[in-house]
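# Overview (structure and organization)
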Amino acid sequence: QVQLVESGGGLVQAGGSLTLSCAASGSAFQINAMGWYRRAPGKQRELVATITRGRRTKYLDAVQGRFTISRENAQNTVYLQMNSLKPEDTAVYYCKAERYANYPGPDYWGQGTQVTVSS
């Protein structure tokens, strides 16, 4: 089992910055990619950014150039640096940890952290 603990959400004005962090504990050796997803009110959950153990990254087009995902493998922690925040970035942000293929089972999710951007 893997536990994910998120932190760093909050209220910020448009144009401001926030950094989210997600720490994995337990059987973290099962984990390859980690990432952040978000769900805005009335919308479906969407991928924001992911990063593999080899630090290959992928971003949602809407956050490209404003958000940066990074990872500390030794601490099994992933970060999301969010700059130039916009009101449309308001959502609950969820950390996700994906298993290596040789550890079958469902992916792991954090409890979510609220990010609110005021205009």
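Quick note: structure is the one above.
In this report, the structure presented in the accompanying data block is examined. (Residues numbered from 1 in each chain as written. Predicted model: local features only at pLDDT ≥ 70, side-chain atom pairs only at ≥ 80, totals over all residues. Heavy atoms only, no water.)

### Here's the deal with the side chain of Arg71
You can see Arg71 is positioned in strand 7 (residues 67-72). Of the buried charged residues, Arg71 lacks a salt bridge, with Glu98 as the closest side chain of opposite charge at 8.6 Å. In contact with Arg71, other than residues within four places in its own chain, are Ile31, Asn32, Ala33, Met34, Ile51, Thr52, Arg53, Arg55, Thr77 and Val78. (Helix = DSSP H or I, 4+ residues; strand = E, 2+ residues; numbered from the N terminus. Buried < 20%, exposed > 50% of the residue type's maximum accessible area, 1.4 Å probe, protein only. Lys, Arg positive; Asp, Glu negative; His and termini not counted. Salt bridge = Lys/Arg side-chain N within 4 Å of Asp/Glu carboxyl O. Contact = heavy atoms within 4.5 Å.)

### Brief notes about unusual backbone geometry
One non-glycine residue with positive phi stands out, namely Arg55, at about 70 degrees. We note that Asn76 has phi near 50 degrees; this positive angle belongs to a residue other than glycine. Following the sequence through the fold, Asn76 ends up in the loop between strand 7 and strand 8 (77-82). In this structure Asn76 comes out as buried when scored by relative accessible area, which is 18%.

### Some remarks on the nonpolar core
Ranked by size, the top nonpolar core spans 30 residues in total, and within it Leu4, Met34, Trp36, Leu80, Met82 and Tyr93 carry the most contacts. Elements with a minimum of two residues in this core: strand 1 (2-7), strand 3 (18-26), strand 4 (31-39), strand 5 (46-51), strand 7, strand 8, strand 9 (91-99) and strand 11 (113-118). With residues up to four places along the chain from it excluded, the contact list for Tyr93 reads Glu6, Leu20, Trp36, Tyr37, Arg38, Val48, Phe67, Leu80, Met82, Gly112, Thr113 and Val115. (Core = buried A, V, L, I, M, F, W, Y, C linked by side-chain atoms within 4.5 Å.)

### A closer look at the environment of Ala23
Structurally, Ala23 can be placed in strand 3. Residue Ala23 is classed as partly exposed on the basis of its relative accessible area, which comes to 32%. The contacts of Ala23, once residues within four sequence positions are left out, are Gln3, Leu4, Val5, Asn76 and Thr77.

### A closer look at the sheet that holds strand 8
Adjacent strands of a sheet form backbone hydrogen bonds with each other and so pair up, either parallel or antiparallel. Strand order in the open sheet formed by four strands is 1-3-8-7, and the pairing between neighbours is antiparallel. Looking at the sheet topology across the chains shown, the edges are occupied by strand 1 and strand 7. On average, adjacent strands in this sheet sit at an angle of 15 degrees to one another, irrespective of strand direction. In terms of strand pairing, strand 3 meets strand 8 through six bridges, oriented antiparallel. By the bridge assignment for strand 8, Cys22 is matched with Val78. (Pairing = 2+ DSSP bridges. Axes fitted to C-alpha atoms, helices over the stretch in contact; angles between N-to-C directions.)

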